[in-house]
Amino acid sequence: MGIPSGTRLGRYEIRSKIGEGGMGEVYLAQDTKLDRKVALKILPEEVAANQDRMRRFVQEAKTASALNHPNIITIYEIEQVDSVHFMAIEFIDGQTLREHMQTAPMKLSEVLNVAAQVASALVAAHVAGIVHRDIKRENIMLRHDGIAKVLDFGLAKLTERLPPDSVDTEALTRAAVNTEPGVVMGTLIYMSPEQARGMPVDARTDIFSLGVVLYEMVAGCLPFAGSTSSEVMASILSEKEPQPLARYSRDVPAELERIVSKALRKDREQRYQTTKDLLLDLQSLKQELEFERKLERSVPPRAEAGAATSQAAEPTVRVLPSRASTKGELVPASSARTVPVSSVEYVVSGIAQHKRGAAIVLSVLLLAAIGIGYWLFIHRPSNVTTIESIAVLPFANTSGDPNTEYLSDGISEALINSLTELQQLRVVARATAFRYKGREADPQTVGRDLNVRAVLMGRVRQMGDTLNVQVDLVDATTGAQLWGQEYERKISDVLSVKQNIAREVTEKLKLRLSGEDQHRITRRDTTNGEAYQLYLQGQYLWYRWDDKSLEFYQRATEKDPNYALAHIGIAESYLHLMAKNRVSVEEGIPKARAAITRALELDETLAEARNAVAEIEYQFEYDWPGAERDFKRAIALNPNVAQIRLAYGWYLMTAGRFDEALPQMRRAQELDSHNYLVNGAIGQLFYYMREYDRSLEYYLDLRVHDPNGQRFPRAIGEIYEQKKMYAEAVENYLAAMEKGGELKPEEVQRLKEIFKHSGWQGYLQAMRVRREEMAPSEPSSFTARFYARLGDKERAFAWLEKAINERDASVLRLKIDPAFDSIRSDPRYAKLLQRMNLTQ
């Protein structure tokens, strides 16, 4: 029985039923808090009671929520109200690709557009290590504005791990679902041969499935068909290739035939090896066809008299596919297309067509090539294609005054934060972009390193009370300038400069912004120029863990009491001060809470405010359910903030929910790939999972591939200690302490000698004195960990009591930290976990 219209499920009000399937019913609902339409996927009670199918439902939410891409459906949250389990997802006003194809045959341009969007979505999933494994027409939705959305990640898996999945007994073409070798999962008619055989699969299986969908869109039928499942399976596994697309449509370009054929290669080693390569070929063909259509439209009508004679002898040009030969592939002559010279003569300026001599024909071809080259230059892809990824590099401070550094850094950071609000644009996060600070950066090199299509660079110079800002937006693919501008304003107008740059950049990237989007890139700003300058100074200091940031945030709110971001800055400063033991919890929490409350009163849609609330709730108040609700709210408000994804990942990890934590941390890494805090957290996650070899391999790989990889000798030392490889542990511990200034070189040498003669226990006893000296200046949980490793239970519990009373944030790892394994069986340990609400 359906849910009546008007029923409330938490903040959602049911409007109408819009669909149903094996995993439950789907309803259109209104999010009464954020005032938007959503789709609610309701899980039936009998399914919720089925452990395997419930796991499948949760898996879909976890997997899809780890991704953020304009062509992937957005998962807002998974919730339970009373006995009703449901998932709140983006509402798509449109129809499935299957439904769309039933209305009328698709035009070639539409086919390529849909295929390219799906391929772009898969590129994002594969970069995140996620293979969809069930790409088909039913899982592709088309909005009325032509945007394609990939749905249903219920069968998806992370390529790093192979956990068992669930079984969908109602999917007629699916077998038992898990990821163990030899078990088939997916929808049979779209399966790759390796998937049909139950072999381990990777991203190339999605390429095959997309090839099937592409074939269907063009031909109107399946490439591998049969009247029974056995016949379909036999068709997929046999060596027989599908019928050529030209059999079903005379207008199929030979290049499209080549692309589909390569995607459907049954030997995956001969298939496209990455979805990115498939996407580039689709985009290239799409641009070539658009170019030909423009040339055809540019030809003026011919006079009827003598037209037959002219057309009969008109010379033509044979054009090969632009990308077909870029990878050493043999190109059949049939893949070339014939272009009438007349189609370019008009562009060149109307060369006389009655001249047929060989020399004249050669001249025509030469001039045609020049004309085509000129047309391609002035209509290069940056002018016609939406650019969906950008890196904003730190602006250079050319003033020669380090006191103005906050302006150059601040403008860059503000642009990153504003553009991150746009969900259709992937923006490289601050920590990764700021690796280029102080370096001469080549935009094309940056584009390759960060996998972005555009790079924004700038220079800031202060002269008295005048500010000069020069900015350049560059196509990272070609190196061509898309836009450049110089602003000379009063320093008090720095806010308007930032807003102008943001508007110009979105326009030059060809982003289609709604009125709401336009508002989003400026809604975070104040109207007071002086308050904005103070906020930028606060941000500059906050990123450097400078306690003075609080003062500047407070002064900003004095200038503009309605500046929500400055209030969030105050709250985050107090969180830092409490973490550094500079402010007590008793003083800091009320002040941080008051600042966040004010920020939410001013703008309840600020994701940073919800994130700050969540961090207070679980780090200092041990309110785990409340914290999770606010983390989910923060991600729903802005899924593109690496800091929030990382914070939620830490929350899940400290709660012992490792399988849920990893996708959040992977998403943070995708958003901010060179942030050492993000990269280090993933290594720690593996460590707390007791997967020591995996954690060690991860850290050692960071040392090779990441400039910040040398930051983790202490973490590596802990891994070696758990593996009882004490010589390696001591080497890494001492390296960390020497690098951090905790030990002088002569002290390091003395401890090495102690270990050499007295072994691991001798080293620990020697470090005991050092630990007692350091204890007053370090978190109490650090000292507790040391005594637990030493086997001194009484001192370990005494320091743990102190850590909990002080609300030491590091004590949150009590449930998962291997350092406490030696005292974990003591009844006192369970009581400590209970006090922290960590017993669930």
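Please read all numbers here as calculations on a predicted model, not as lab measurements.

Draft legend 1. Spotlight on the overall build of the protein. A tally of regular secondary structure across the protein gives 34 helices and 19 strands. Pairs at least 24 apart in sequence give 60% of the contacts found in the protein among residues at least 6 apart. Of the roughly 37,100 Å² of accessible surface on the protein, a fraction of 51% belongs to carbon and sulfur atoms.

Draft legend 2. Inspection of the pattern of salt bridges at higher detail. Evaluation of the coordinates by the stated rule reveals 48 salt bridges. With its nearest N and O atoms 3.4 Å apart, the salt bridge here joins Glu530 to Lys559. With Glu530 in helix H19 (residues 529-542) and Lys559 in helix H20 (residues 549-559), the pair connects residues that are 29 residues apart, well separated along the chain. Exposure remark for Glu530: the relative accessible area of 43% places this residue in the partly exposed category. The salt bridge partner of Asp693 is Lys723, with a shortest N-O separation of 2.4 Å. One end of the pair, Asp693, is in helix H28 (residues 692-705); the other, Lys723, is in the loop between helix H29 (713-722) and helix H30 (726-739), with 30 residues separating them in the sequence. The network of salt bridges with common partners includes Glu405, Asp409, Lys437 and Arg544.

Draft legend 3. Main features of the packing of aromatic side chains. One pass over the full model with this rule turns up 22 aromatic pairs. Consider the rings of Tyr12 and Phe86, whose centres lie 5.9 Å apart with planes at 85 degrees: the pair is edge-to-face. One end of the pair, Tyr12, is in strand S2 (residues 12-21); the other, Phe86, is in strand S6 (residues 84-90), and 74 residues separate them in sequence. With respect to class, Tyr12 is no different from Phe86; both count as buried.

Draft legend 4. Representation of the sheet that holds strand S7 (residues 94-96). Strand order in the open sheet formed by three strands is S7-S9-S10, and the pairing between neighbours is antiparallel. In this open sheet, the two strands that pair with only one neighbour each are S7 and strand S10 (148-150). Taking each pair of neighbouring strands and ignoring which way they run, the sheet shows an average axis angle of 25 degrees. Two strands pair when backbone bridges link them, and strand S9 (residues 140-143) and S10 are joined in this way by three bridges, in the antiparallel orientation. Bridging from a neighbouring strand, Met141 pairs with Lys149 of S10.

Draft legend 5. Layout of the pairing of S9. Pairing analysis gives three bridges linking S7 to S9, with the strands arranged antiparallel. Among the inter-strand pairings, Thr96 is bridged to a residue of S9, identified as Met141.

Draft legend 6. Spatial organisation of the packing of helix H4 (residues 108-127) against helix H6 (residues 203-219). Between H4 and H6, the least distance of the axes is 11 Å, while the angle of their chain directions is 170 degrees. By the angle class used here, H4 and H6 are roughly antiparallel. Counting all contacts with H4, which are made through Val111, Val114, Ala115, Val118, Ala119, Leu122 and His126, the residues of H6 involved are Ala203, Asp206, Leu210, Leu214, Met217 and Val218. In terms of residue class, the contact of H4 with H6 is built from 11 nonpolar, one polar and one charged.

Draft legend 7. Molecular detail of the environment of Arg824. By the secondary structure assignment, Arg824 is in the loop between helix H33 (793-805) and helix H34 (827-835). Along the backbone, Arg824 and Leu814 are 10 residues apart, and their C-alpha atoms lie at a distance of 9.3 Å. Residues in contact with Arg824, not counting those within four places in the same chain, are Arg690, Leu814, Lys815, Ile816, Asp817, Pro818 and Tyr829. Among the polar contacts made by the side chain of Arg824, one reaches the main-chain carbonyl oxygen of Leu814 at a distance of 3.3 Å.

Draft legend 8. Spotlight on H29. Within H29, eight of the 10 residues are buried, which leaves it mostly tucked inside the rest of the structure. Buried within H29 we find Pro713, Ala715, Ile716, Gly717, Glu718, Ile719, Tyr720 and Glu721. Trailing H29 by a residue or two, Lys724 shows a phi angle of about 60 degrees, which is positive.

Draft legend 9. Broad picture of the packing of helix H25 (residues 642-654) against helix H27 (residues 676-688). Close contact between H25 and H27 brings their axes to 11 Å; oriented N to C, the two are set at 15 degrees. Between H25 and H27, the crossing angle belongs to the class labelled roughly parallel. Like other packed secondary-structure pairs, H25 and H27 cross with a definite hand, here left-handed. Counted together, Leu646, Trp650 and Met653 of H25 and Leu677, Val678, Ala681, Gln684, Leu685 and Tyr688 of H27 form the full contact between these two elements. Residues that form the contact of H25 with H27 fall into these classes: eight nonpolar, one polar and no charged.

Draft legend 10. Structural context of the confidence of the model for the protein. Per-residue pLDDT for the protein has a mean of 80; in total, 80% of the residues score no lower than 70. Considering only residues more than four positions removed or in separate chains, one finds that residues 160-185, a stretch of pLDDT under 50, has 71 contacts.

Draft legend 11. View of the nonpolar core. Core analysis: the largest hydrophobic core is formed by 82 residues, its most contacted members being Ile390, Phe395, Leu456, Val469 and Ile501. By residue number, the principal contributor to this core is helix H21 (residues 564-579), which donates 10 residues. Ignoring any residue separated from it by four or fewer positions in sequence, one finds Phe395 in contact with Ser408, Ile411, Ser412, Leu415, Met457, Gly458, Arg459, Val460, Val469, Val471 and Ile501. Tyr651, Ala655, Leu702 and Ala788 belong to the second largest nonpolar core, which has 80 residues in total.

Draft legend 12. Summary view of unusual backbone geometry. Even without a glycine there, the phi angle at Asp82 is positive, about 55 degrees. Inspection of the secondary structure assignment puts Asp82 in the loop between strand S5 (75-81) and S6. For Asp82, a relative accessible area of 71% corresponds to the exposed category. Even without being glycine, Trp545 reaches a positive phi, approximately 55 degrees. Residue position: Trp545 is located in the loop between H19 and H20. Taking the relative accessible area as the measure of exposure, Trp545 reaches 46% and is therefore partly exposed.

Rules of the game
- Residues numbered from 1 in each chain as written.
- Predicted model: local features only at pLDDT ≥ 70, side-chain atom pairs only at ≥ 80, totals over all residues.
- Heavy atoms only, no water.
- Helix = DSSP H or I, 4+ residues; strand = E, 2+ residues; numbered from the N terminus.
- Contact = heavy atoms within 4.5 Å.
- Areas by Shrake-Rupley, 256 points an atom, 1.4 Å probe, with all protein chains shown as cover.
- Salt bridge = Lys/Arg side-chain N within 4 Å of Asp/Glu carboxyl O.
- Buried < 20%, exposed > 50% of the residue type's maximum accessible area, 1.4 Å probe, protein only.
- Phe/Tyr/Trp six-rings, centres within 6.5 Å; stacked < 30°, edge-to-face > 60°.
- Pairing = 2+ DSSP bridges.
- Axes fitted to C-alpha atoms, helices over the stretch in contact; angles between N-to-C directions.
- Parallel < 35°, antiparallel > 145°, perpendicular 65-115°, else oblique.
- Nonpolar A, V, L, I, M, F, W, Y, C, P; charged D, E, K, R; others polar.
- Polar contact = N/O pair within 3.5 Å; in protein donor to acceptor, adjacent residues only side chain to side chain.
- Left-handed = near helix turned anticlockwise from the far one by under 90°.
- pLDDT = per-residue confidence, 0-100.
- Core = buried A, V, L, I, M, F, W, Y, C linked by side-chain atoms within 4.5 Å.

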